[in-house]
Amino acid sequence: MGRIEFSAEIAELLGRVRRRPTAGWPWRPGEQVPGGLPVKQSWGWLFAPDGRVLTLVNPRDGIVSLPGGSLEPEDAGDPGSALAREAAEEAQAVIGTPYYLGYLYDRVGSANGGHECARVRMAAALRAVGPSAPDPASGRHYRRLLVAPGLAVELLGWGEPGLRQARAAVSSAVRRLGVPATANEAIEELPVEGCVVFPGPAHSGSVYPAAGG
């Protein structure tokens, strides 16, 4: 692999990255969430045309994340709607159709009051980002980086389970979005004023398996 290109400013930001301990949730690729297991979270692998994905860095604590978060009543139980809403709030992002990848089984249920739950993962095109702004729910003001999926796993600290998740996301994006299987390795910060990333229609409905389907 050749030298990964990035600016001195990004180097300084990445030097403060702090990885969370892995939770050890089992990854269920392609499996439908069982009936009776509530979906409490939806995160997304959001792809640029060159195969890189949107990764968010909180400059205050160095924590890295993918866009996404908890399902709210206005999402009507749809993880794709939750992802579109959270991506807009956290990263001022507009996404295309979200495609279901699988779920993580959270036996401890830290996102569900101590009861077991599912944490869904999806893939979608990153259509555009607006002017950078703090997340209205948390006040966090993320830096928005495009990085190769494998590097995203490293920054997230997800290890081998994260690589399996990234491979599922890349496979879906290659098939459905036409991105290359091998992503551009450069690390790029999206402009604070916003930009178009992957032209095309914005999210209007997710591809998510119905109960019993």
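Above this text you will find the structure in question.
Residues numbered from 1 in each chain as written. Predicted model: local features only at pLDDT ≥ 70, side-chain atom pairs only at ≥ 80, totals over all residues. Heavy atoms only, no water.

1. Topic: the pattern of salt bridges
Okay, so step 1: What the rule picks out here adds up to twelve salt bridges.
Okay, so step 2: One salt bridge connects aspartate 50 with arginine 52, and the closest N-O pair in it is separated by 3.0 Å.
Okay, so step 3: One salt bridge in this structure joins glutamate 74 and arginine 85, with 3.9 Å as the shortest N-O distance. In this pair, glutamate 74 is assigned in the loop between strand S5 (68–70) and helix H2 (79–91) and arginine 85 in helix H2, connecting sequence segments eleven residues apart.
Okay, so step 4: By relative accessible area, which is 15% here, arginine 85 ends up buried.
Okay, so step 5: Overlapping salt bridges bring together Glu74, Asp75, Arg85, Glu86 and Glu89 as one network. (Salt bridge = Lys/Arg side-chain N within 4 Å of Asp/Glu carboxyl O. Helix = DSSP H or I, 4+ residues; strand = E, 2+ residues; numbered from the N terminus. Buried < 20%, exposed > 50% of the residue type's maximum accessible area, 1.4 Å probe, protein only.)

2. Observations regarding helix H4 (residues 159–177)
Every α-helix winds through 3.6 residues per turn, so residues three or four apart in the chain are directed the same way.
Okay, so step 1: Taking 1.5 Å per residue as the helical rise, H4 with its 19 residues ought to reach 27 Å, and the 26 Å between its terminal C-alpha atoms agrees with that figure.
Okay, so step 2: Buried within H4 we find Gly162, Gln165, Ala166, Ala169, Val170, Ser172, Ala173 and Leu177. Around the axis of H4, the buried residues are gathered within 165° of arc, so they sit on the same side.
Okay, so step 3: As for H4, its buried residues are in contact with strand S1 (27–29), strand S2 (39–47), strand S7 (99–106), strand S8 (117–129) and helix H3 (149–156).
Okay, so step 4: Just past H4, the residue glycine 178 takes up positive phi, approximately 75°. (Expected span 1.5 Å × (residues − 1). Arc of directions from axis to C-beta. Contact = heavy atoms within 4.5 Å.)

3. Side note on H2
Okay, so step 1: When the terminal C-alpha atoms of H2 are compared, their 17 Å separation across 13 residues agrees well with the 18 Å that a helix rising 1.5 Å per residue should span.
Okay, so step 2: Along H2, ten of the 13 residues are buried, which leaves the element largely enclosed by surrounding structure.
Okay, so step 3: For H2, the complete set of buried residues consists of Pro79, Gly80, Ala82, Leu83, Ala84, Arg85, Glu86, Ala87, Glu90 and Ala91.
Okay, so step 4: Buried residues along H2 sit against S2, strand S3 (53–57), S5, strand S6 (93–95), S8 and strand S9 (143–147).

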